[in-house]
Structure formats: structure tokens, C-alpha cells
Amino acid sequence: TEEKLGQAEKTELDAHLENLLSKAECTKIWTEKIMKQTEVLLQPNPNARIEEFVYEKLDRKAPSRINNPELLGQYMIDAGTEFGPGTAYGNALIKCGETQKRIGTADRELIQTSALNFLTPLRNFIEGDYKTISKERKLLQNKRLDLDAAKTRLKKAKAAETRASSEQELRITQSEFDRQAEITRLLLEGISSTHAHHLRCLNDFVEAQMTYYAQCYQYMLDLQKQLGSFPSNYHCNNNQTSVAPMPSASSNVIGSSALTSTSGLVIASPSNLVDLKECSGSRKARVLYDYDAANSSELSLLADEVITVFSVVGMDSDWLMGERGNQKGRVPITYLELLN
């Protein structure tokens, strides 16, 4: 209290020790912020984070729950199965669902790896090393107050006997203060090794992220190839203008009349459709899948048969007019491969 009021002198710590204390406090503050934000990054759902925290405090394992990509993947697979794996949309949904589930698995692995190799060491510092530093720092503060109190009593002592007693007390408190300052200094100097350890943990975290994003990219690249929807160009619905997005590094130049893939899903090449619509003649097309006509205006198709197709002014861009002998009707473009 007298120090606060300016009525008593305060023993200052040496500059090196003050610098170490400042570095430790700074490390603690930023470690907490990085740790908390990493937890938010890995698990955006606050309720799930609270649940994991409670289970951790109870020393029990949190129940395994399906994550969002896995849930979306399951919905897509169920929908594709319901619509029919033999249909273009159903097949595509199943392929997308399988990829989403793989992404969900990769996400789960990222969380587990990051928690073990990055978050746990940071948390151990906050709850272990820094608590020890704080305890010793508080003891140092108490020893300094004892020392300053002894100095004040010595100044006020007038009788020889009282001065001798005060000098003895000052020597003892000074010795205890110096000893505690040395203990605190040794602990604080360990912050540098803590930084080195956290740097290794940071490298592990970056490695885990790199693996995760590489897996996700590869999964989506494979899916893109399976669907045949390379980003060079694609055809829009509802008679809208064709859109040509910027090609990515993974794009391949497709010279055939259709974009094909191992899954059998095909999107007809827009360039060929434009050629077909601009000319007044007709083209041959191979049917890729069976198709049951929805009404009398459509033509039922059998896989691998070859029919004649031609465009009709004003018809939806997803459809062409098909002809087989005396039969004629609308046919969906996605079920066809135009032949040269």
C-alpha cells in the first residue's frame, strides 16, 4: 500500500529478469489465442466444443459423431439410390456422396492429428509450465515485499539492539529474495526452449493441413473426372448463354464429341451442339443409357443404339429431337454421344 501511495521505495528487478517476465507473459497470451482459434477452426460448432470439453474434464471419451461432409455424403448416396444408379443424376449423386464421405474421413483425421501434435503441447504449456512460472513469480513478489519491509524497518530503527535485529532480518530476506529470483530466472529462460518445441508442433500442424487439403483436392479432381465435367466449358440449362469458366491447371483439352469418364457419365460437348444447332441437317448419336419416355412427346432409348438427332428452334437446350425409323420424339442430350 505504501508503494502505491509513493511512501515506500520498491526494489526493482534487474532488466534481464524483467525482460524474461515480459516474454513469458507475451508467450502465454498468444499461445492461448492461437490455441482457442485453432479449436474453432477444427470444430466450428461451439456446442460440440463444449461437449468435448466436458467429456475431457470428466476424463471420458466423447462419443463419435458423424460430421457434416459425411452426413451430406450419406444423403447424396441415399438420394442417388432412390433415383436409380442407372440414371445420370442418380449415378452422379452416388459418386458425389462417396467423395463427400471421403472428405469427411480426411477431416476427422486432420482434427485428431492436430489435437495430438499441436493443441495438446500448447495446452500443456498453459496448464503446466506457465502455472509453475506464475507460482514462482508470485513467490518472488512476496520475497521482494518482505525485503522492502525489512529495509523500511532498518531505516526506522534507532536503538542499537533494534538496528542489529533489523540488519539480521535484512540479510535473511535479501538472501531469500536472491534465491527466489534465481529460481524464477531459470524457469523463465526455459521459454526459449518452449518456443523451439512449439515451432516443431507448428510444423506438424502445417503438415497435417497440407495432407488434408491435398487429399481433398485429389478427391475432387477424381470426382470431376468421373463426372466428366472438366472446367474448360460446360452447357447451361434453360436456353441460357454458354459459359466458359477459366480453365484450371488440371483441365485437359477434350477433342472428342463428348466428355467421357470411367463412370460412364457424359456431358455432350457444347461446341458440337452449337454446330448441330447452326446447321439445318442432322447427326448420328449413340445412346449411352436406357431412357424411358416420360410422355408421348419424348422418345424412349436403349443403350448403345444409334439414332438420328437434329435441333429444333425454340427447344430447351438440354434436349434434341431424335428419330428412329418412323418414331420421333425429344431426347435428353446427356444420354447421347454425338458421332462424327
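Residues numbered from 1 in each chain as written. Predicted model: local features only at pLDDT ≥ 70, side-chain atom pairs only at ≥ 80, totals over all residues. Heavy atoms only, no water.

Asks: Can you break down the packing of aromatic side chains residue by residue, with the values?
Replies: Describing an aromatic ring pair means giving the distance of the ring centres and the angle of the ring planes. According to the stated counting rule, one finds seven aromatic pairs in the structure shown. An aromatic cluster is built from Tyr 289, Tyr 291, Trp 319 and Tyr 335, whose rings are joined through pairwise contacts. Looking at Arg 330, its charged tip hangs above the ring of Trp 319, at a distance of 4.4 Å from the centre. (Phe/Tyr/Trp six-rings, centres within 6.5 Å; stacked < 30°, edge-to-face > 60°. Lys NZ or Arg CZ within 6 Å of the ring centre and 35° of its normal.)

Asks: Let's hear about the packing of helix α4 (residues 88-156) against helix α5 (residues 160-188): which residues, and what values?
Replies: In contact at an axis separation of 8 Å, α4 and α5 are set at 160° when each is read in the N-to-C sense. Between α4 and α5, the interaxial angle falls into the category roughly antiparallel. Every pair of crossing elements has a handedness; the one defined by α4 and α5 is left-handed. Across the contact of α4 with α5, the residue classes tally to 12 nonpolar, six polar and 11 charged. (Axes fitted to C-alpha atoms, helices over the stretch in contact; angles between N-to-C directions. Helix = DSSP H or I, 4+ residues; strand = E, 2+ residues; numbered from the N terminus. Parallel < 35°, antiparallel > 145°, perpendicular 65-115°, else oblique. Left-handed = near helix turned anticlockwise from the far one by under 90°. Nonpolar A, V, L, I, M, F, W, Y, C, P; charged D, E, K, R; others polar.)

Asks: Requested: an account of the packing of α4 against helix α6 (residues 191-227), with residues and values cited.
Replies: Two numbers describe how α4 lies on α6: the axes approach to 9 Å, and their chain directions differ by 175°. By the angle between their axes, α4 is roughly antiparallel relative to α6. Grouping the amino acids of the contact of α4 with α6 by side-chain chemistry returns 21 nonpolar, 10 polar and six charged.

Asks: Outline helix α1 (residues 15-42), listing residues and values.
Replies: Over its 28 residues, α1 extends 40 Å from the first C-alpha to the last, a length consistent with the 40 Å expected when each residue adds 1.5 Å. Lining the buried residues of α1 we find α4, α5 and α6. Its side-chain oxygen 3.1 Å from the backbone nitrogen of His 16, Asp 14 forms the N-cap of α1. (Expected span 1.5 Å × (residues − 1). Contact = heavy atoms within 4.5 Å. Polar contact = N/O pair within 3.5 Å; in protein donor to acceptor, adjacent residues only side chain to side chain.)

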